[in-house]
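Structure at a glance
Listed here are the chains, written in short residue letters.
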Amino acid sequence: MNRLLLTGGCGYIGSHTCYVLLDAGYELIVIDSNINSTDIPLLKLRDLNYSKYINFDKNLKFISGDIRNIDLLRSIFLESQKDGNPIDGVLHFAGLKSVSESILNPISYWEANVGGTISLLKVMNEFNCGTIVFSSSASIYYSAGLKLLKENDLIKPTSPYGYTKEVIEKILMSTFESRSQNWKIANLRYFNPIGAHPSGIIGENFSTKSDNLFPHICMVASREKSYLEVYGNDWPTNDGTCIRDYIHVLDLAEAHMSALKMLNDSSSKIENINIGTGNGTSVLELVTIFEEVSGYQIPVKFSDRRKGDVPFSVADNSLALDILEWLPKRNIYQMCKDGFKWLNKNPKGY
């Protein structure tokens, strides 16, 4: 059985990836500082129906800590090495992720995201663990028109958050080039994950701090907010609102497992891979679909465009379809249905 380290594994994407990996028989160690999360999702995983018996005490271990603590990281790798089951690979989710917050507090983002990654790579190198799947972002792309984004398109982020993702990819490339025979790296460039596990047991903690659209739609539905603020209705799109590529969080989680399998079956390599559906949905279209699924009306008010926004961000996912044994299976209606079920069962979050 492979043993994996998940940094930031208590978060929205990390916890759903834990579910997918546990169900596939992996043994997981999760490290998370819980600055913007809680370990409750890991406890909730016990309530889900698995296709096989999972010994949680053996297969899932949680460690509270920050990946910038290099001594803590060393102790995790060393303990695994001593018990005869070393860490085979890392899924690196840990980091701060708010575009607007990064504009206000850029130093925090450079320190947490880039500094944390450097500490992680140092320890991985010390323990000859060279397989890593990195949580990158479509925010690194320069999106000027209404065309699908390809992995070789211009990289030109518009926020400190995006800059940190770009720089981490460069650090990973430099690391690979320095000792290519030792490293297998996949940079997964996420588009817009939404939805939840269909049971409603795990999902996304909705926060007013979030830059993402779907949490704010849900907060209007739960009457935490009186209306949805939409930033601009004069974008060069069919209805004047921004278009994004929304992907179900479980499809994204499954892409991580597929990326791991690809790396394990390969010789040394580094790949940049878009993870999206290839389908665009505008803000107003998403609101309409959510209203259909939930039965709730979502009042909308338009305001000025938001700094850092682009009119169109949709993946060309042909590379992922080609090199991963993966296909996004859940449509936008399923995303809204599952996200709404999570909201109904957990109106106050975890």
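Sequence order sets the numbering: in each chain, residues are counted from 1 along the sequence as written. Predicted model: local features are reported for residues with pLDDT of at least 70 only, side-chain atom pairs are reported and counted for 80 or more only, and whole-chain, interface and lining totals are derived from all residues. Water and hydrogen atoms were dropped before computing side-chain values, which therefore reflect all heavy atoms in the structure.

Take the overall build of the protein next. Summing up its helical and strand segments, the protein has 12 helices and 14 strands in all. What you see for the protein is a C-alpha radius of gyration of 19 Å, in line with the 20 Å of a compact globule of 350 residues. In the protein, which comprises 350 residues, the share counted as buried stands at 57%. Contact criterion: two residues are considered in contact whenever any of their non-hydrogen atoms come within 4.5 Å of each other. Contacts in the protein between residues far apart in sequence, at least 24 positions, make up 81% of those at least 6 positions apart. Put simply, DSSP H or I for four residues or longer makes a helix, DSSP E for two residues or longer makes a strand, and each gets a number counted from the N terminus. With C-alpha atoms as the basis for the radius of gyration, the globule rule is written as 2.2 Å multiplied by the number of residues raised to the power 0.38. Note on exposure labels: buried denotes an accessible area under 20% of the residue type's maximum, exposed denotes more than 50%, and partly exposed covers the range between, all computed with a 1.4 Å probe on protein chains only.

We now examine the sheet that holds strand β4 (residues 89-92). By the convention used here, strands pair only if DSSP detects at least 2 bridges between them. Strand order in this open sheet of 7 strands is β3-β2-β1-β4-β5-β6-β11, and the pairing throughout is parallel. Since the sheet does not close on itself, it has two edges, and those belong to β3 (60-64) and β11 (269-275), each with one partner. On average, adjacent strands in this sheet sit at an angle of 15 degrees to one another, irrespective of strand direction. Two strands pair when backbone bridges link them, and strand β1 (residues 3-7) and β4 are joined in this way by 4 bridges, in the parallel orientation. Each bridged residue has a counterpart across the sheet, and for Thr7 the counterpart in β4 is His92. Axis lines are fitted to C-alpha atoms, over the contacting stretch for helices. Their N-to-C directions set the angle, which ranges from 0 to 180 degrees. Here helix α7 (residues 160-178) sits on the sheet in contact with β5 (131-137), β6 (184-190) and β11, set at roughly 155 degrees to β5. The sheet contacts of helix α9 (residues 249-264) involve β1, β4, β5, β6 and β11, and relative to β6 the element is tilted by about 160 degrees.

This part takes up the side chain of Ser98. Along the chain, Ser98 turns up in the loop between β4 and α5 (99-104). Its relative accessible area of 13% is what places Ser98 among the buried residues. Polar contacts involving the side chain of Ser98 include one to the side chain of Asp211, which spans 2.9 Å. If sequence neighbours within four positions are ignored, Ser98 has contacts with Tyr109, Tyr161, Lys209 and Asp211. Any N or O atom pair separated by 3.5 Å or less is treated as a polar contact, with the protein-specific requirement of one donor-capable and one acceptor-capable atom, and with residues adjacent in sequence counted only for side-chain atom pairs.

By definition here, a helix of n residues has an expected span of 1.5 Å times n minus one. When the terminal C-alpha atoms of α9 are compared, their 23 Å separation across 16 residues agrees well with the 22 Å that a helix rising 1.5 Å per residue should span. Across the 16 residues of α9, 14 count as buried, placing the element largely inside the fold.

Attention now moves to the packing of aromatic side chains. Ring pairs shown here join Phe, Tyr and Trp side chains whose ring centres sit within 6.5 Å, with only the six-membered ring taken for Trp; geometry is labelled stacked below 30 degrees between planes, edge-to-face above 60, and tilted in between. Following the criterion strictly, the structure yields 5 aromatic pairs and no others. When the ring of Phe214 is compared with that of Phe290, the centres are 5.8 Å apart and the planes differ by 80 degrees; the resulting orientation is edge-to-face. Of this pair, Phe214 sits in helix α8 (residues 213-221) while Phe290 sits in helix α10 (residues 283-294), placing them 76 residues apart in sequence. Residue Phe214 shares its accessibility class with Phe290, and that shared class is buried. Judged by centre distance (4.8 Å) and plane angle (55 degrees), the ring pair of Trp342 and Tyr350 falls under tilted. Assessed through its relative accessible area of 1%, Trp342 is described here as buried.

The next subject is the layout of surface pockets. Its volume calculated, the second largest pocket comes out at about 170 Å³. Put simply, the parts of the chain that give the lining of the second largest pocket at least two residues each are β2 (27-32), α3 (56-59), β3 and α4 (70-82). For the lining of the second largest pocket, the element with the highest residue contribution is α4, accounting for 4 residues. Under the scheme applied here, ten amino acids are nonpolar (Ala, Val, Leu, Ile, Met, Phe, Trp, Tyr, Cys and Pro), four are charged (Asp, Glu, Lys and Arg), and all others, including Gly, are polar. Residue composition of the lining of the second largest pocket, by class: 4 nonpolar, 2 polar and 7 charged. Cavities and pockets are defined on a 1 Å grid built over the protein atoms alone: a cavity is a set of grid points where a 1.4 Å probe fits but cannot escape, while a pocket is an open set with protein on both sides within 12 Å along at least five of seven lines, and lining residues are those with an atom within 4 Å of any such point. Grid points are joined across faces, edges and corners, and a volume is the space filled by probe spheres set on the points.

For sheets, the rule is that strands pair by backbone hydrogen bonds, running either parallel or antiparallel. If you walk across this open sheet you meet the 3 strands as β12-β9-β14, and the pairing is mixed. Each end of this open sheet is capped by a strand with a single partner; those strands are β12 (281-282) and β14 (312-313).

In contact at an axis separation of 9 Å, helix α6 (residues 106-126) and α7 are set at 20 degrees when each is read in the N-to-C sense. Taken together, the axis directions place α6 and α7 in an arrangement best described as roughly parallel. The hand of the α6/α7 crossing is right-handed. Between α6, through Pro106, Tyr109, Trp110, Asn113, Val114, Thr117, Ile118 and Leu121, and α7, the contact on the second element is made entirely by Pro160, Tyr161, Tyr163, Thr164, Val167, Ile168, Ile171, Leu172 and Thr175. Each angle is binned into one of four classes, with values under 35 degrees roughly parallel, values over 145 roughly antiparallel, values of 65 to 115 roughly perpendicular, and all other values oblique. Left-handed is the label given to a crossing in which the near helix is rotated counterclockwise from the far helix by less than a right angle, and right-handed is the label when the rotation is clockwise.

Here we take up the pattern of salt bridges. Salt bridges are defined as contacts in which a side-chain nitrogen from Lys or Arg sits within 4 Å of a carboxyl oxygen from Asp or Glu. Inspection of the entire model under this criterion finds 18 salt bridges. A salt bridge links Asp316 to Lys150; the shortest N-O distance between them is 3.2 Å. One end of the pair, Asp316, is in the loop between β14 and α11 (318-323); the other, Lys150, is in the loop between β5 and α7, and 166 residues separate them in sequence. Among the ionic pairs, Glu254 bridges to Arg330, the shortest N-O distance being 3.0 Å. Of the two residues, Glu254 is situated in helix α9 and Arg330 in the loop between α11 and α12 (332-345); the sequence distance between them amounts to 76 residues. Take Glu254: its relative accessible area is 16%, and that puts it in the buried class. Among the charged side chains, a network of salt bridges with common partners joins Arg3, Glu27, Lys58 and Asp83.

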